[in-house]
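# Survey of secondary and tertiary structure
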Amino acid sequence: MGAAMRRIHVGNALSAFGLGFTVPYLYVYVAQVRGLGAVTAGLVLAVFAVAALIVLPFAGRAIVRRGPLPVLLTALVTAALGALSLGLAGDAAAVLAAAALLGAGQAVMQPALATMIVDCSTAETRSRAFATQFFLQNLGLGVGGLIGGHLVDTTRVSSFTLLFAIEAAMFLLLVVVMATVRMPHSPRVGDAPRGSAKGSWKQLLGNRAMVQLCVLGFVLFFACYGQFESGLSAYGVEAAGISTSALGTALAANTAMIVVAQFAVLRFVERQKRSRVIAAVGLIWAVAWAVAGYAGLGHGSQEMATAAFVSTYALFGLGEAMLSPTVAPLVADLAPDGLAGQYNSAFALVKQLALAVGPAVGGPMGASLHVPYIVVFLLFSLGISVLAVRLGRQLTAVQNQPWLGRKRVVARGGAAAEPVAAEA
């Protein structure tokens, strides 16, 4: 890694570490500690999603015109103000306003950091760079949540204020770290006419491979991340009789699988066609949903149900470890020169849509419609495999299997051959 990439990875770890202090306890803080009720707590979670959906289209344009670093620094300061305000807010209006600031800042960080990784990596190193990012994010969230759990006390508001102050401090520390990054020159559209943003969105929507990847991304996030803390947890409690401690163990198993498996699967994933890797993830997640079905609908003992439920989260983690070096680099490879920020923001927007819709659909189903819930999301997982195979037909050989392009360069001692359409 170069110095810039090392700082970017440190920044990823710091931001995830700060978020880990507060994310698991946000609902309890608003509803119980501040005494604002479940409705306000639900509105806070909705505000996070709405703020992200509002700012992300503008974030892509700003990254294209100004570069990712200034946009990231602005987002970090905004998130720090939001976190500190949230820790001090005492009424519903203040809490919602602070959540909007924090949600907007967090949302913009993701495409800005992803674009910095693209600018500081090459086709040869990009998959490993994104795998490292995902590894550090999960490690940071896990460590932050563990420490935060020992600091928090639901009988003392000051303990939550401390957590949000630590989160704000992490964001400001990240400002200092990122301000020292010297980004390599990358194409920008800084002198483009005023209507160029519309043109770039039109160009993106005209890219059939990118549109198919966005559809696939929506299904991926809807069927996995959108269910973790809503539908799947509700299903586990209501259908499988999972205790809250076992639910925490399942979430820990997911993080542990990612941390342990990330670099173990990386070498294998790098040599495979990306479309086939994503298709394999769909099959793994279909197995995970089948195991979850056994946990809640089978007639085994409570111990067997708990073990099956924990295994479900672990299998999801294995799929996530396979996706991290696959999907984000593919978004970068589909983006024309100078538009990586636009493409990263568009994909982040799709992710936020899925994360907003997923809990709204999966929560009620997981709590009461147990059999339909498992069947529907098992079919969604199989749909991931089908969509991945179709996407593979839209990719060039090098886009689908970058290692093949590098091999050709080495063999010929020069530029790679003109790419041809790849099979799925």
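These numbers were taken from a predicted model, which means no experiment stands behind them.

### With respect to the nonpolar core
By size, the foremost hydrophobic cluster in this structure holds 120 residues, and its most contacted members are Met178, Met210, Leu213, Leu232, Trp285 and Phe309. Per element, the largest residue contribution to this core is twelve residues, and it comes from helix H5 (residues 92-119). Dropping the residues within four chain positions of it, tryptophan 285 is found in contact with Leu220, Cys224, Leu315, Phe316, Gly319, Glu320, Leu323, Ser381 and Ile384. With five residues, the next largest nonpolar core counts Ala52, Leu56, Ala107 and Leu349 among its residues.

### What to know about the pattern of salt bridges
Between side chains of opposite charge, a pair can form as their charged atoms come close. Applying the stated criterion across every chain yields a total of three salt bridges. Of the charged contacts in the structure, one is a salt bridge between arginine 274 and aspartate 333, with a shortest N-O distance of 2.8 Å. With arginine 274 in helix H13 (residues 274-297) and aspartate 333 in helix H15 (residues 327-334), this residue pair connects regions lying 59 residues apart in the sequence. Because the salt bridges share partners, they merge into one network encompassing Arg126, Arg274 and Asp333.

### Comments concerning the packing of aromatic side chains
Scanning the model with the defined rule gives 16 aromatic pairs in all. Between phenylalanine 221 and tyrosine 225, the aromatic rings sit 5.4 Å apart at their centres with planes inclined by 40°, giving tilted as the arrangement. By relative accessible area, tyrosine 225 is classed as partly exposed at 25%. What links up through ring pairs into an aromatic cluster is the set Phe218, Phe222, Tyr235, Trp285, Trp289, Phe316, Tyr373, Phe377 and Phe380. The ring centre of tyrosine 225 lies 5.8 Å from the NZ or CZ of lysine 351, which sits over that ring.

### Description of the state of the cysteines
A complete count under the given rule lists zero disulfides for this structure. Left unpaired, cysteine 224 is separated from the closest cysteine sulfur, that of cysteine 214, by 18 Å. The exposure class of cysteine 224 is buried, given its relative accessible area of 1%.

### Some details on a nonpolar patch on the surface
On the surface, a nonpolar cluster with roughly 460 Å² of combined accessible area is contributed by Leu139, Val143, Leu146, Ile147, Leu151 and Leu162. With five residues, the single largest contributor to the nonpolar patch is helix H6 (residues 126-151). Tracing the sequence through the fold places leucine 162 in helix H7 (residues 157-179). Take leucine 162: its relative accessible area is 42%, and that puts it in the partly exposed class.

### Regarding the side chain of asparagine 254
Following the sequence through the fold, asparagine 254 ends up in helix H12 (residues 244-270). Among the residues examined, asparagine 254 registers a relative accessible area of 5% and is labelled buried. In contact with asparagine 254, not counting residues within four places along its chain, are Phe228, Tyr313, Phe316, Gly317 and Glu320.

### Quick look at the side chain of threonine 40
Of note, threonine 40 is situated in helix H3 (residues 37-66). A distance of 3.0 Å separates a polar atom in the side chain of threonine 40 from the backbone oxygen of leucine 36. Leaving out residues up to four positions away in the same chain, threonine 40 has contacts with Val30, Ala92 and Leu96.

Parameters and conventions
- Residues numbered from 1 in each chain as written.
- Predicted model: local features only at pLDDT ≥ 70, side-chain atom pairs only at ≥ 80, totals over all residues.
- Heavy atoms only, no water.
- Core = buried A, V, L, I, M, F, W, Y, C linked by side-chain atoms within 4.5 Å.
- Buried < 20%, exposed > 50% of the residue type's maximum accessible area, 1.4 Å probe, protein only.
- Helix = DSSP H or I, 4+ residues; strand = E, 2+ residues; numbered from the N terminus.
- Contact = heavy atoms within 4.5 Å.
- Salt bridge = Lys/Arg side-chain N within 4 Å of Asp/Glu carboxyl O.
- Phe/Tyr/Trp six-rings, centres within 6.5 Å; stacked < 30°, edge-to-face > 60°.
- Lys NZ or Arg CZ within 6 Å of the ring centre and 35° of its normal.
- Disulfide = S-S within 2.5 Å.
- Patch = residues over 30% accessible without salt bridge, like charges linked within 9 Å, V, L, I, M, F, W, Y side chains within 5 Å.
- Areas by Shrake-Rupley, 256 points an atom, 1.4 Å probe, with all protein chains shown as cover.
- Polar contact = N/O pair within 3.5 Å; in protein donor to acceptor, adjacent residues only side chain to side chain.

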